[in-house]
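Now for the letters of each chain:
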Amino acid sequence: IISGGKDSTIRFWDILSGLCIKTISSHLGEVTSVESNKAGTLLLSSSKDNSNRLWDLRMQKPMRRFKGHQNTSKNFIRTVFGPNEQLIIGGSEDSKLYIWDVETEFVV
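Residues numbered from 1 in each chain as written. Predicted model: local features only at pLDDT ≥ 70, side-chain atom pairs only at ≥ 80, totals over all residues. Heavy atoms only, no water.

If you had to explain the packing of aromatic side chains to someone new, which residues and values would you point to?
Here the structure, examined in full by the defined rule, presents two aromatic pairs. Where Phe 66 meets Trp 100, the ring centres are 5.8 Å apart and the plane angle is 55°; that geometry is what we call tilted. Highlighted residues: Phe 66 in strand β7 (residues 61-67) and Trp 100 in strand β10 (residues 97-101), separated in sequence by 34 residues. For the pair shown, Phe 66 and Trp 100 are each scored as buried. A centroid spacing of 5.9 Å and a plane angle of 20° characterise the contact between Tyr 98 and Trp 100, whose relative ring orientation is stacked. Residue Tyr 98 shares its accessibility class with Trp 100, and that shared class is buried. (Phe/Tyr/Trp six-rings, centres within 6.5 Å; stacked < 30°, edge-to-face > 60°. Helix = DSSP H or I, 4+ residues; strand = E, 2+ residues; numbered from the N terminus. Buried < 20%, exposed > 50% of the residue type's maximum accessible area, 1.4 Å probe, protein only.)

Dropping the structure here:
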């Protein structure tokens, strides 16, 4: 199980013991959502630091950072993989959806 927290961390939990087995951090604000791809090799995280990050789970390091609006009073709430995992879709508190191309990191 993978969770995001108010302490800006992403935690990996052992299902049997219930213990945290790994903690990673890179966000500067509360992590509001996490989602892995179907293969379990990539992780998306969104945060109240107004960014979404794509992580390589094997290396446990961020690969890309996706930014949307520049209004720092609004935050990303949820991010998911789009069709065929070629797009990333993020919703924010400003009621807008942002769609990025995974390879170019550009909003489409």
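Don't stop here, the text continues.
Lay out the sheet that holds strand β4 (residues 31-36) in plain terms, naming residues and giving numbers.
Taken together, the four strands give an open sheet; going across it, the order is β4-β5-β6-β7, and neighbouring strands pair in antiparallel fashion. Looking at strand neighbours, the two that pair on one side only are β4 and β7, the edges of this open sheet. Each strand of the sheet is rotated relative to its neighbour by a mean of 20°, with strand direction disregarded. Pairing geometry for β4 and strand β5 (residues 42-47), over five bridges, is antiparallel. Each bridged residue has a counterpart across the sheet, and for Val 34 the counterpart in β5 is Ser 45. (Pairing = 2+ DSSP bridges. Axes fitted to C-alpha atoms, helices over the stretch in contact; angles between N-to-C directions.)

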